[in-house]
Amino acid sequence: GRLFMFYVLRRSMRLLRAQRGNMLDVNQARQLLLALIVSASCFSFGLGQLATCDFYLTLEGHYSSLDLAQYDIMTGQSLCAQGSASASGRGTTLAEFLRTTDDEIEAASRAYFLAANLSNGLNTTSIIVLDIEQPILQQNMMDLNASMFPLWAAAFKRRVDIARRLLPYATLGIYGVVVDNCGTNATCLSQLVGAYQRAASLGMYDSADIFCPRLYPTPAWTPTAAAAIARVAVGCSAAVARSDGTSVPIAPFLSYVTFPNLIPVALHVAQAQLNALQDVLSNPPACPGVAPSSKAPRLHSIHYWAGDDNATLAIPWFRTVEPAAPCMQMT
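The structure displayed is predicted, hence computed values, not measured ones.

Regarding the packing of helix 4 (residues 102-115) against helix 5 (residues 148-166)
Logical step 1: Relative orientation of the contacting elements helix 4 and helix 5 amounts to 50°, with a least axis distance of 10 Å. Taken as axis vectors, helix 4 and helix 5 run oblique relative to one another. The way helix 4 lies across helix 5 gives a crossing that is right-handed. From helix 4, D102, I105, E106, S109 and R110 reach across to helix 5, where they touch R158, R159, I162 and L166.
Logical step 2: A class-by-class count of the residues in the contact of helix 4 with helix 5 yields three nonpolar, one polar and five charged.

This is how it looks when you write it as structure tokens:
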């Protein structure tokens, strides 16, 4: 019953995206009505509420202009903001990162987001993901000494809070919570997630709406590795919460090209990632080496990152892979 419901809802979502404001014909209207009837039936039979997550092509610094609606990929509604959006561009030293004033951060952020031509400007409702990698990557914060760690976390927090004030209606994400550089090594993950949890306890992520773990495939990944790393990344991201203990939905960052050689990701690897992300909804993953969370992870959306639009690579790849039905969670 659930699988049938997922299928019908997917058909109706595709239909609405493809029409884009055009009139529905009789058969199309019947399909949409059927989806609504099935959904209502599921509620009446006590199957619970539905939560869906969409797929996005999310570029660095600007919206994608590709039309991928027929593959259920949303474009023009999300972007990844480089460090310069937070006064922490390439080459920023730790001393500079700490001493930058709030006014300087706000001026840099305002200039960046206005130049990005966001839909509705600073009142955008887009997904904006902050990528703050200078002066250190978040996965390296455990290397900071005991006195420097809270200073760095406070400077990071100021940047997120200022972006929140500037973009009050946006869905604000933090890139790199968590990253996949530990693989499934429990010792490494325990240390890594412990550092994230310490930063979170200092309020570093309090203004975030979503966490964006990095799941960029390499040419060496097998389907088994891709699935395992996806589950671990989601499980470990879910182990990080705001300072008041509230959980943060997960929006994994995938890519359709491998790094660093930028060739299309193999079909079987891409499908293994997607299958694993779908599976976490019914089979919540644990984070090796970390105490299990009492709350199951919530998937907000799934993003395919790219530096820029590349229709030659992207369109054939999405046509071939065509992500499975939008992830649905029974709650």
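Describing the state of the cysteines
Logical step 1: Summed over all chains, the structure comprises two disulfides.
Logical step 2: Put simply, C236 and C287 are joined by a disulfide, and their sulfur atoms are 1.9 Å apart. An S-S torsion of about 85° defines the bridge between C236 and C287 as right-handed. Here the residue C236 occupies a position in helix 7 (residues 223-238), and C287 occupies one in the loop between helix 8 (267-282) and strand 9 (301-306), the gap between them amounting to 51 residues. Each member of the pair, C236 as well as C287, carries the same accessibility label: buried.
Logical step 3: Unpaired in this structure, C80 has its nearest cysteine sulfur neighbour in C212, at a distance of 7.7 Å.
Logical step 4: Given the relative accessible area of 0%, C212 is considered buried.

So, the confidence of the model for the protein
Logical step 1: Here the protein shows a mean pLDDT of 84. Residues at 70 or above account for 81%.
Logical step 2: Note that residues 1-8 has pLDDT below 50 and, in this model, twelve contacts with residues that lie over four places away or in other chains.
Logical step 3: Of the regions scoring below 50 in pLDDT, residues 26-51 engages in 38 contacts with residues more than four places distant in sequence or in other chains.

Regarding the packing of aromatic side chains
Logical step 1: Enumeration over the complete set of coordinates arrives at 13 aromatic pairs.
Logical step 2: Ring centres of Y112 and F113 lie 5.4 Å apart, and the angle between their planes is 85°; this geometry places the pair in the edge-to-face category. The pair formed by Y112 and F113 is uniform in burial state, with each residue classed as buried.
Logical step 3: With centroids separated by 5.2 Å and ring planes inclined at 75°, the aromatic side chains of Y205 and F211 adopt a geometry described as edge-to-face. Each member of the pair Y205 and F211 is classed as buried.
Logical step 4: Through successive ring pairs, a cluster of aromatic residues spans F149, W152, F156, Y205 and F211.
Logical step 5: Above the plane of the ring of F97 lies R159, whose end atom (NZ or CZ) is 3.9 Å from the centre.
Logical step 6: Across the ring face of F149, the terminal group of R198 is positioned such that the distance to the ring centre comes to 4.2 Å.

Thoughts on the side chain of S78
Logical step 1: Note on placement: S78 falls in strand 4 (residues 78-81).
Logical step 2: Among the polar contacts made by the side chain of S78, one reaches the side chain of T58 at a distance of 2.7 Å.
Logical step 3: Ignoring any residue separated from it by four or fewer positions in sequence, one finds S78 in contact with Y56, L57, T58, L59, H62, Y63, I127 and H303.

As for the pattern of salt bridges
In a structure, side chains of opposite charge can pair up when their charged atoms sit close to one another.
Logical step 1: Enumeration over the complete set of coordinates arrives at five salt bridges.
Logical step 2: Residue D161 pairs with K157 through a salt bridge whose shortest N-O separation is 3.0 Å. Here the residue D161 and the residue K157 both occupy positions in helix 5, the gap between them amounting to four residues, near one helical turn.

Considering the pairing of strand 6 (residues 171-175)
Logical step 1: Here strand 6 lies mainly inside the structure; five of its five residues are buried.
Logical step 2: Because side chains alternate across strand 6, one face comprises the buried residues T171, G173 and Y175, and the other comprises L172 and I174, equally buried.
Logical step 3: Handedness of the β-α-β unit built from strand 5 (residues 127-130), helix 5 and strand 6 comes out right-handed.
Logical step 4: Across three bridges, strand 6 lies against strand 7 (residues 210-212) in parallel orientation. Within strand 7, the position partnered with G173 by the bridge is I210.

Some words on the pairing of strand 9
Logical step 1: Where burial is concerned, most of strand 9 is hidden: six out of the six residues are buried.
Logical step 2: Burial of the side chains of strand 9 extends over both faces: S301, H303 and W305 are buried on one face and I302, Y304 and A306 on the other.
Logical step 3: Summarising the sheet, strand 2 (residues 54-60) and strand 9 pair through six bridges and their orientation is parallel. If you follow L59 over to strand 9, its bridge partner there is A306.
Logical step 4: Strand direction decides the pairing type here: strand 8 (residues 253-255) and strand 9, joined by three bridges, are parallel. Directly across from S255, in strand 9, lies its bridge partner W305.

What counts as what
Residues numbered from 1 in each chain as written. Predicted model: local features only at pLDDT ≥ 70, side-chain atom pairs only at ≥ 80, totals over all residues. Heavy atoms only, no water. Axes fitted to C-alpha atoms, helices over the stretch in contact; angles between N-to-C directions. Helix = DSSP H or I, 4+ residues; strand = E, 2+ residues; numbered from the N terminus. Parallel < 35°, antiparallel > 145°, perpendicular 65-115°, else oblique. Left-handed = near helix turned anticlockwise from the far one by under 90°. Contact = heavy atoms within 4.5 Å. Nonpolar A, V, L, I, M, F, W, Y, C, P; charged D, E, K, R; others polar. Disulfide = S-S within 2.5 Å. Buried < 20%, exposed > 50% of the residue type's maximum accessible area, 1.4 Å probe, protein only. pLDDT = per-residue confidence, 0-100. Phe/Tyr/Trp six-rings, centres within 6.5 Å; stacked < 30°, edge-to-face > 60°. Lys NZ or Arg CZ within 6 Å of the ring centre and 35° of its normal. Polar contact = N/O pair within 3.5 Å; in protein donor to acceptor, adjacent residues only side chain to side chain. Salt bridge = Lys/Arg side-chain N within 4 Å of Asp/Glu carboxyl O. Right-handed = clockwise from strand over helix to strand, strands pointing away. Pairing = 2+ DSSP bridges.

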